Amino acid sequence: MNFNSKLLKDLVKTYGPSSNENDIRDFIIKEIENYVDEIKIDALGNLVAHKKGNGKKIMISSHMDQIGLMVIDIDKSGFLRFVNIGGISPYVTLSQKVLFENGTVGVVYSEPVDDMSKLKLENMYIDIGAFSKEEAEKMVNIGDICIYYNGFDENDNIVFTPYLDDRVGCFIAIESIKAIDTPKNDLFFVFSVQEEVGLRGAKTAAYGVNPDVGIALDVTSHGDTPKAKKYAIGLDKGAAIKVKDNSIICHPKVREQLVKIAKENNIPYQMEVLEFGGTDSGAIHLTKEGVPSGVISIPTRYVHSTIEMASKKDITNCKELLVRFLNSNLELF
Amino acid sequence: MLLKLLTESSGVSGNEKEVRDLIMDEIRGYSDSIKIDRLGNIIAYKKGLNSSQKLMITAHMDEVGLLITDIDSSGLLKFITVGGIDKRILVSKSVHVGKDKVYGVIGAKPIHLQKKKEWINALDMDDLYIDIGATSKEDAEKYVNIGDYASFQSDYIEFGDNLIKAKALDNRVGCSLLIDLIKEIKDISFYAVFTVMEEVGLVGAGPAAYEVNPDMAIVLEGTLCYEMPNMDSHLMPTQIGKGPAISLADRTTVYNPQFRKRIEEIAKSNQIPYQYRKSSMGGNDSGKIHTAKTGSITTCISVPCRYIHSPNSVMSIKDYENTQKLLRAILTEYGKGVL
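Predicted model, so just to flag it, every value in this text is computed and none were measured.

Visitor: Describe the overall build of chain B, with residues and values.
Guide: Per the secondary structure count, chain B includes 9 helices and 17 strands. Seen through its C-alpha atoms, chain B measures out along the principal axes to roughly 65 × 45 × 35 Å. Counting over 339 residues, chain B shows a buried share of 50%. Within chain B, contacts between residues separated by at least 24 positions form 75% of all contacts whose residues are at least 6 apart in sequence.

Given below as structure tokens:
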């Protein structure tokens, strides 16, 4: 299988928490600039790449922001206190290494807790190895955001790394941009900001693009690990076509078109009915007069942890499904 | 004093007319255009010499309060809260009901008659009522109607070391700062927007931002302040007397870091004390403003207010003055085109 591990590894390793997506945006621009007709950046920092075609105007959104920890206080001994940016679990975060934009590395630990079930972010701190407030302030400022710092690993089947959410979506978008030579439809690839704090980037991007159809690319959860909550999505079982989550009930025609294309092209797929969560399509489909929208999801284990895991075959199938969808005749409405 | 007039006016969310009329009277002579939009937001424009980027400065006019839902046979009024109110602060407070500001007291069963188990729990809303001194339902209906709003009755008082106690400092303090700016600033273009219904879900700000379509916005607020001697500093959202609080992130916005750092630079170069708003809880109009249309960058600058959302909030005159200085300095930079 031809899987561009290097690109995915570079994507998950590039800094870009919600509201501070400069580095990852620059990285993606370099990757795609030779393959698109026009690139725009809006006020919130969304990257909008236009690949011109004559058919329907389609917005394809993958969010480039990451969850992280924002420093709100530096004490006199140089310890940092923080709040979450996006869905951060105290259990996942305890004893993790974190990385700041300027390369400063720290570790997260907590005040002594008797009952671990009562672990809270407000009782935890980041230790950057500074011995005074002054020393710490040379490395970090209040308002700075750090991300999980952890390695990328892979075998023939899977990758596991922090931040598959949603750099794997960005990966699929970039690979699709490169795979499509002459678009049948008018394609706007959006690498959105601030998804993790409430689909904020996709909202303004969709207003600017004003698409006929919206597609989000994002990770979804899993139900295939020991005693996992019942959920009909598993790794290596194909691209997930979303039916609903907490932000959207996907437009039936978009969903049916995705299923039809998967069937016609023998692309393995599974239907996703998620009882929680949301993604960019939730914001896109409510834009202006409304936009029929769907989602291609990448089945992922351990979402929002430092060891998110996805199947290379699923990722490739998601890309295949997207490319074929974008090149299909979308006279649906 | 303007802040006295503003805080002693009633303007519970959805019923901001009294406050709006007062603000309109204050700013009419100083704005190049003023309109009231269909939701009741005031959108004023000051035309200056610069016109590169569109700046919008906002403050919400509304306050938390009560809404009358029923009048019982004895003439007591039942009510619900409008906006976030801690029900434990309600008992025995004075209120003004309806347009005519009928005086009332929030009543409940006296402690002598409460069972022991009632002592340990806060009185439920169902156990509270507003007593306007009516003798019967018919008598009460002469003065008030179901659907009337009630606001806290609380006098503006200056006390202690440069402190002010009043109701609705959230966000008449923002309104007062914005009115000052409109009156003082000359030759710099900006939109001044006084929004409605912030306390019930940032309702007015979205349509106002849609209309103005700013490139950047400054949200003025009165915000959480809580500092106790034994608290860790990271758990204090803001501290009184330490200057304007600049927001980092809250439930509705992660504030643009470049814009925030620019504001901090301006404060530093003008020797104006400032602090960070450390809590990520709560939210404000910025949430709707920065995501309107194709988006804008926002910052939020607040005056710390102790006992916020109660009839007796407390703020510092020094914090007010430093916030005022910071805003003037920001507008000066903006006027030079270097914000």
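This is not the end of the story, as more comes after the structure.
Visitor: Give me the overall build of chain A: which residues, what numbers.
Guide: The secondary structure content of chain A amounts to 9 helices and 17 strands. The C-alpha atoms of chain A give 20 Å as radius of gyration, which agrees with the globular expectation for 333 residues (20 Å, within 12%). Restricting the contact set of chain A to residue pairs at least 6 apart, pairs at least 24 apart contribute 75%.

Visitor: Just give me the short version of the interface of chain A and chain B, but keep the residues and values in it.
Guide: The interface of chain A with chain B comprises 23 residues on the first partner and 20 residues on the second. Among the elements of the structure, strand 4 (68–74), strand 5 (80–85) and helix 6 (200–209) of chain A are those that each provide at least two residues to the side of chain A that touches chain B. Ranked by the residues each element gives to the side of chain A that touches chain B, the list is headed by helix 6 of chain A, at 5 residues. In terms of residue class, the side of chain A that touches chain B is made up of 9 nonpolar, 7 polar and 7 charged.

Visitor: How would you sum up the UniProt feature "binding site: Zn(2+) 2" (unreviewed entry) in chain B? Please name residues and give values.
Guide: All names here are of chain B. Here, UniProt's "binding site: Zn(2+) 2" (unreviewed entry) annotation points to D170, E199 and H309. The named residues occupy 140 residues along the chain; their greatest pairwise C-alpha distance, 9.9 Å, places them in one compact cluster. Of the residues examined, E199 has 23 C-beta atoms within 10 Å and is grouped as buried. Sequence-distant contacts of E199, defined by excluding residues within four places in its chain, comprise S13, D62, E63, V64, G83 and G84. By the secondary structure assignment, H309 is in the loop between strand 16 (297–306) and strand 17 (313–316).

Visitor: Break down the packing of helix 5 (residues 169–184) of chain B against helix 9 (residues 317–335) of chain B for me, with residues and values.
Guide: Residues and elements named next belong to chain B. Contact pair helix 5 / helix 9: the axes reach a minimum separation of 11 Å and the direction vectors enclose 45 degrees. It follows from the interaxial angle that helix 5 and helix 9 lie oblique. Relative to helix 9, the crossing made by helix 5 is right-handed. Contacts between helix 5 and helix 9 involve V173, L177, D180 and L181 on the former and, on the latter, Y320, T323, Q324, L327 and L331.

Visitor: Quick rundown of the UniProt feature "binding site: Zn(2+) 1" (unreviewed entry) in chain A? Include the residues and the values.
Guide: All names here are of chain A. UniProt annotation of "binding site: Zn(2+) 1" (unreviewed entry) refers to H63, D165 and D218 when read in the numbering used here. Taken together, the annotated residues stretch across 156 residues yet fold into one region, lying no more than 8.3 Å apart by C-alpha. Position of D165 among the secondary structure elements: in helix 5 (residues 164–179). Here D165 falls in the buried class, since 27 other C-beta atoms lie within 10 Å of it. Contact partners of D165, with chain neighbours within four places excluded, come to V219, T300, V303, H304 and E308. Mapped onto the fold, D218 is located in strand 13 (residues 213–220). Those residues within four positions of D218 in sequence are excluded, and the remaining contacts are S62, H63, D166, G169, T279, D280, V295 and S297.

Visitor: Give me the nonpolar core: which residues, what numbers.
Guide: Counting 166 residues, the largest nonpolar core has M70, I296 and L321 of chain A together with L178 of chain B as the members making the most contacts within it. The next biggest cluster of nonpolar side chains, apart from the first, holds 23 residues, and it includes L90, V97, V102 and A140 of chain B.

Visitor: Go over the domain arrangement of chain A, please, and point to the residues and values.
Guide: All names here are of chain A. Looking at the assigned domains, one finds that chain A contains domain 1 (5–66 + 163–326) and domain 2 (68–148). Spacing between the C-alpha centres of domain 1 and domain 2 amounts to 30 Å. Of the residues lining the interface, 10 residues belong to domain 1; the matching set on domain 2 comes to 11 residues. When the residues that make up the side of domain 1 that touches domain 2 are grouped by side-chain class, the tally is 3 nonpolar, 6 polar and 1 charged.

Visitor: An account of the UniProt feature "binding site: Zn(2+) 2" (unreviewed entry) in chain A is requested, with residue identities and associated values reported.
Guide: Residues and elements named next belong to chain A. Look at the UniProt record and you will see "binding site: Zn(2+) 2" (unreviewed entry) annotated at D165, E196 and H304. Along the chain, E196 turns up in the loop between strand 12 (186–192) and helix 6. If near-sequence neighbours (up to four positions away) are discounted, E196 is found in contact with S18, D65, Q66, I67, G86 and G87.

Visitor: So what about the domain arrangement of chain B? Which residues, and what values?
Guide: All names here are of chain B. Domain annotation of chain B identifies domain 1 (2–63 + 167–335) and domain 2 (65–152). Computed over C-alpha atoms only, the centres of domain 1 and domain 2 are separated by 31 Å. The partner domain 2 presents 13 residues to the 11 residues of domain 1 that form the contact. Here the side of domain 1 that touches domain 2 is built from residues that sort into 3 nonpolar, 5 polar and 3 charged.

Visitor: With reference to specific residues and values, describe the packing of helix 1 (residues 5–13) of chain A against helix 5 of chain A.
Guide: All names here are of chain A. Running from amino to carboxyl end, helix 1 crosses helix 5 at an angle of 135 degrees, the nearest separation of the two axes being 9 Å. Judged by the angle between their axes, helix 1 and helix 5 are oblique. Between helix 1 and helix 5 the crossing geometry is right-handed. Between helix 1 and helix 5, the residues in contact are L7, L8, L11 and V12 and L164, R167, V168, C170, F171 and I174, respectively. Per-class residue counts for the contact of helix 1 with helix 5 are 9 nonpolar, no polar and 1 charged.

Visitor: A description of the environment of S95 of chain A should follow, citing residues and the corresponding values.
Guide: Residues and elements named next belong to chain A. With respect to the secondary-structure elements, S95 resides in the loop between helix 3 (90–93) and strand 6 (97–99). Taking the C-beta count within 10 Å as the criterion, S95 has 10 such neighbours and is therefore assigned exposed. For the pair formed by S95 and D115, sequence separation is 20 residues and the distance between their alpha carbons is 17 Å. Non-local contacts of S95, meaning those with residues more than four positions away in its chain, are made with V108 and Y109.

About the thresholds
Residues numbered from 1 in each chain as written. Chains lettered and ligands numbered in written order. Predicted model: local features only at pLDDT ≥ 70, side-chain atom pairs only at ≥ 80, totals over all residues. Helix = DSSP H or I, 4+ residues; strand = E, 2+ residues; numbered from the N terminus. Buried ≥ 20, exposed ≤ 12 C-beta atoms within 10 Å, placed from the backbone. Contact = placed C-beta atoms within 7 Å. Rg over C-alpha atoms; globule rule 2.2 N^0.38 Å. Nonpolar A, V, L, I, M, F, W, Y, C, P; charged D, E, K, R; others polar. UniProt positions renumbered as here; feature names shortened; annotations may be inferred. Axes fitted to C-alpha atoms, helices over the stretch in contact; angles between N-to-C directions. Parallel < 35°, antiparallel > 145°, perpendicular 65-115°, else oblique. Left-handed = near helix turned anticlockwise from the far one by under 90°. Core = buried A, V, L, I, M, F, W, Y, C linked by C-beta atoms within 7 Å. Domains from an automatic or database assignment.

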